[in-house]
Amino acid sequence: MSKPACGPERERLPLPPSCWTESKGSSSPQGPRRRCPWRGQQQRPRSCPRAAPPPRLRRLRRPRAHSAHKRPQRPPRAPASRTAPAGAGRARGGAGPSGTGRCLARAGSAGAAAAAGAMAAGGSGGVGEPERPYELVVFGASGFTGQFVVEEVARAAASGALRGPLRWAVAGRSREKLQAVLERAADRLGKAALGAEVGVLLCDVGDAASLAAMARQTRLVLSCVGPYRFFGEPVVEACVENGASYVDISGEPQFLEEMYLKYNAKAAEKGVYVVGSCGFDSIPADMGVLYTRDKLQGTLTAVESFLTMNFGPEGSSLHEGTWQSAVYFLADENNLKTIRKKIGYAPVPVIGAKLKKRLVFYNQQFRKYSIPFTPSDVSVVERSQRYLHTELKETPVQYGAYVNIGGLGSVIKLTFAGILLLLLAKFSSGRKLLIKYPEFFSAGYFTKKGPTQKQMDGTSFTMTFFGEGYSEGQDPQNGKPNVKICTEVKGPEPGYVFTPIAMVQAAVSLLEDAACLPKQGGVYSPAAVFCKTKLIDRLNKRGIEFSVISKPEV
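This one's a predicted model, so the numbers in the text were calculated from it and none came from an experiment. (Residues numbered from 1 in each chain as written. Predicted model: local features only at pLDDT ≥ 70, side-chain atom pairs only at ≥ 80, totals over all residues. Heavy atoms only, no water.)

1. Some thoughts on the packing of helix H12 (residues 408–425) against helix H13 (residues 428–436)
At a minimum axis distance of 6 Å, the contact between H12 and H13 shows a crossing angle of 125 degrees. Relative to H13, H12 is oriented oblique. From H12, Leu-421, Leu-424 and Ala-425 reach across to H13, where they touch Gly-430, Arg-431 and Leu-434. Here the contact of H12 with H13 is built from residues that sort into four nonpolar, one polar and one charged. (Axes fitted to C-alpha atoms, helices over the stretch in contact; angles between N-to-C directions. Helix = DSSP H or I, 4+ residues; strand = E, 2+ residues; numbered from the N terminus. Parallel < 35°, antiparallel > 145°, perpendicular 65-115°, else oblique. Contact = heavy atoms within 4.5 Å. Nonpolar A, V, L, I, M, F, W, Y, C, P; charged D, E, K, R; others polar.)

Here it is in C-alpha cells:
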C-alpha cells in the first residue's frame, strides 16, 4: 500500500535531542524528522516534496539519566459528537480495544455509531452523564420476566413523565426473539411499532466481550437473567468495569451480599450504582419500612410485616425460574454466613424493646395463621438499616417478616412441603428432581409456562406493617414503646406485573433523581439508595398504593 502524500503544513512538535536521532543518510535544513504518533507512519517536514518518500527514523534507548524526557504526546483528536443523528444506519457496536464483542445496533436506532462517538468523547457513562447512546438497556429481554420489563419500559417511555425522550435498547442472544418482544410490547400498548430510539443489542452472558460492549453503550443495565447466582456476576462485573449502573430483581441473599463483598469498592471508585432486589418482595418490604418510619410521629424502632396474597377464580402460578432460585438458595444457605464473615459487618445496635421472633402463630388481626417469610426481605431490610444508621446516623429499625397462610390445614401442608423441599435441596440428586419436576413438588404453583394472563389479572397482594416506637421527646433507651402505627402497601400480581413496575421505576429514579442519590457509588439495597428519591411517589402513580391504615396512636 502506498504511503499517503504530505498534507497541509503542520507545526512540528519539539523533540528532546537526547531521546531521538536521525537515521543514516537523512539530513534536512529544518532539523530531524519525527515519527508519526499513530499507525507507525512518518510525518514529513513542511518543505517535503510530495513525491519523495520520507526516510525512516530510529529511536534510541532512553538512558536512565534522561528519564525526565517524555515521548512527544499524541496530538488531541477532534471531539466526537455526543449525539447520533436520527435514523443512523446499521453499525457494529463498540467492541473495545480488542476489536471483539457482538453488541449490534439495529438499523433506525441511535445505534452503535453513536456509541463510538460517545466513547471517543471520553465519558464514563455513569449516572448523570448523557453522552452514551442509550440511557438504559434491558438485558435478558426475551426471557419470561424480561418481556414484561420491556413492556413496562415502553410504557414509561411513552408516558411523558420523564424529562425527555428515553433512549433505550433490548439485549439478548437472539435478534428474532428480541424483535418479537418489541412487537409484543408495541401491540400491548396499542402501537404499530416502537420508535426508532429503541435499539437491539446481541449479547451473551457467557461472552464477556459482548457484555462489556453492551455496558459501554448505556448508563444503566436492567438485568433479568437468573438465577443470579449463575448468571448475575458477569453482568455486574461488566457494568462496574465499564462505568454503567446496574439494577436487578434478585431475591438471592448470597448473590446480593457477595456482590457487595466483591464490587462495592470498585463501584464506588467508578461512581456507579449496583442495586439488587428491585422487585417483589423486597421493594414493598424495604420501602414499606421506610414509609412507615416517615409517617410515625416519633422514633420508629421495630416493624413487623404480614404478606397476604389474593387470588382470583383462575388461581395463580409462577414461572419455574423463581423456583430454581429458591431451590439453590436453600441448597447454599450456609454459605451466607461465610460471606458475612468476610464482609465483617459492624453490629447494628438494638434501640428500644427487642423485637421477638415468632414461628407459627394465629394472627388475630387477620384471623389466619402466620409463619415467617423466608425470602430475602429480612436480609435486604437489615442491609438498608445498617447503611441508614452508619452513614446517615438514623435510628435503626428492627424488622420481622411473615406471611398469612390461612387455616391449620394449610399450616400442616406447608410444613411437610417445606421439610421435603429442604431435604431434597441439600443433595445434588434431590436438586435435579426439584428442578426437573417443579409442578409436582410445588403442587402446581410453579410451572414451566408461568401464569396465564387471566391468572395475573386476578391476583394481587397486600403487605401490612405494624410499627412501634417512641413519641417525640421520649428517650428510646428508657421505658417501653409508647406509640404505634399501621401502614400498608397494595399492588397487583407480584411476579410479572408489580416486579416490572418496581424495577423500571427504580431505574427511572436512578436516571432522574441523580442529585438525591448517595454521593458515592457502590453496591446498595433499595432503601439505602432510594431513601431520598421520589421512588414511592412514582410507584403510587403506577398503582402501587402506599397508605397509612391507622394514624400514630399513643
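There's plenty left to go through after this.
2. Observations regarding the environment of Ala-502
Mapped onto the elements of the fold, Ala-502 is located in helix H16 (residues 494–512). For the pair Ala-502 and Ser-277, spaced 225 residues apart in sequence, the C-alpha to C-alpha distance is 9.8 Å. Non-local contacts of Ala-502, meaning those with residues more than four positions away in its chain, are made with Cys-278, Gly-279, Ile-283 and Leu-539.

3. Notes on the layout of surface pockets
One number sums up the size of the second largest pocket: a volume of about 630 Å³. Tyr-387, Thr-390, Glu-391, Tyr-524 and Ala-528 are, among the 28 residues lining the second largest pocket, the residues nearest its centre. Those elements that place two or more of their residues in the lining of the second largest pocket are helix H7 (253–270), helix H11 (377–392), strand E19 (522–524) and helix H17 (526–530). Here the element with the most residues in the lining of the second largest pocket is H11; it accounts for six residues. Each residue belonging to the lining of the second largest pocket can be placed in one class, and the counts come to 16 nonpolar, seven polar and five charged. (1 Å grid on protein atoms, 1.4 Å probe; cavity = no way out; pocket = protein on both sides within 12 Å on 5 of 7 lines; lining within 4 Å. Points joined across faces, edges and corners; volume = space filled by probe spheres on them.)

4. Things to note about H16
The terminal C-alpha atoms of H16, which comprises 19 residues, lie 25 Å apart, in line with the 27 Å expected from a rise of 1.5 Å per residue. Burial analysis of H16 places 18 of its 19 residues in the buried class, which makes it a mostly covered element. The N-terminus of H16 is capped by Glu-493, whose side-chain oxygen sits 3.1 Å from the backbone nitrogen of Gly-495. (Expected span 1.5 Å × (residues − 1). Buried < 20%, exposed > 50% of the residue type's maximum accessible area, 1.4 Å probe, protein only. Polar contact = N/O pair within 3.5 Å; in protein donor to acceptor, adjacent residues only side chain to side chain.)

5. Examining the packing of aromatic side chains
Applying the stated criterion across every chain yields a total of 21 aromatic pairs. Where Tyr-260 meets Tyr-345, the ring centres are 6.2 Å apart and the plane angle is 35 degrees; that geometry is what we call tilted. One end of the pair, Tyr-260, is in helix H7; the other, Tyr-345, is in the loop between helix H10 (335–343) and strand E13 (361–363), with 85 residues separating them in the sequence. The exposure class of Tyr-260 is partly exposed, given its relative accessible area of 26%. With centroids separated by 6.2 Å and ring planes inclined at 80 degrees, the aromatic side chains of Phe-366 and Phe-466 adopt a geometry described as edge-to-face. Placement of Phe-366 in the loop between E13 and strand E14 (368–372) and of Phe-466 in strand E17 (residues 460–471) is noted, with a sequence separation of 100 residues between them. Using a relative accessible area of 22% as the deciding quantity, one classes Phe-366 as partly exposed. What links up through ring pairs into an aromatic cluster is the set Phe-306, Phe-361, Phe-366, Tyr-402 and Phe-466. Here the basic side chain of Arg-358 rests over the ring of Tyr-402, its NZ or CZ set 5.6 Å away from the ring centre. Taking the ring centre of Tyr-345 as reference, the NZ or CZ of Arg-386 above it sits at 4.2 Å. (Phe/Tyr/Trp six-rings, centres within 6.5 Å; stacked < 30°, edge-to-face > 60°. Lys NZ or Arg CZ within 6 Å of the ring centre and 35° of its normal.)

6. Details of the sheet that holds strand E10 (residues 273–275)
Sheet architecture is open: seven strands sit in the order E7-E6-E5-E8-E9-E10-E19, paired in parallel fashion. The open sheet has two free edges, formed respectively by strand E7 (198–202) and E19, since each of these has just one partner strand. Neighbour-to-neighbour, the strand axes of this sheet turn through a mean angle of 20 degrees, independent of strand direction. Pairing of strand E5 (residues 136–139) with strand E6 (residues 168–172), which is carried by four bridges, proceeds in the parallel orientation. Counterpart to Leu-136 in the pairing with E6 is Trp-168. Contacting strand E9 (245–248), E10 and E19, H7 runs over the sheet at an angle of about 150 degrees to E19. (Pairing = 2+ DSSP bridges.)

7. Looking at H10
Listed in full, the buried residues belonging to H10 are Leu-336, Ile-339 and Ile-343. What you see down the axis of H10 is that its buried residues fit within an arc of 60 degrees, all on one side. Exposed positions of H10 whose direction lies more than 90 degrees from the buried face are Lys-337, Lys-341 and Lys-342. Looking at the buried residues of H10, the elements they touch are H7. Once H10 ends, the next one or two residues include Gly-344, with phi positive near 70 degrees. (Arc of directions from axis to C-beta.)

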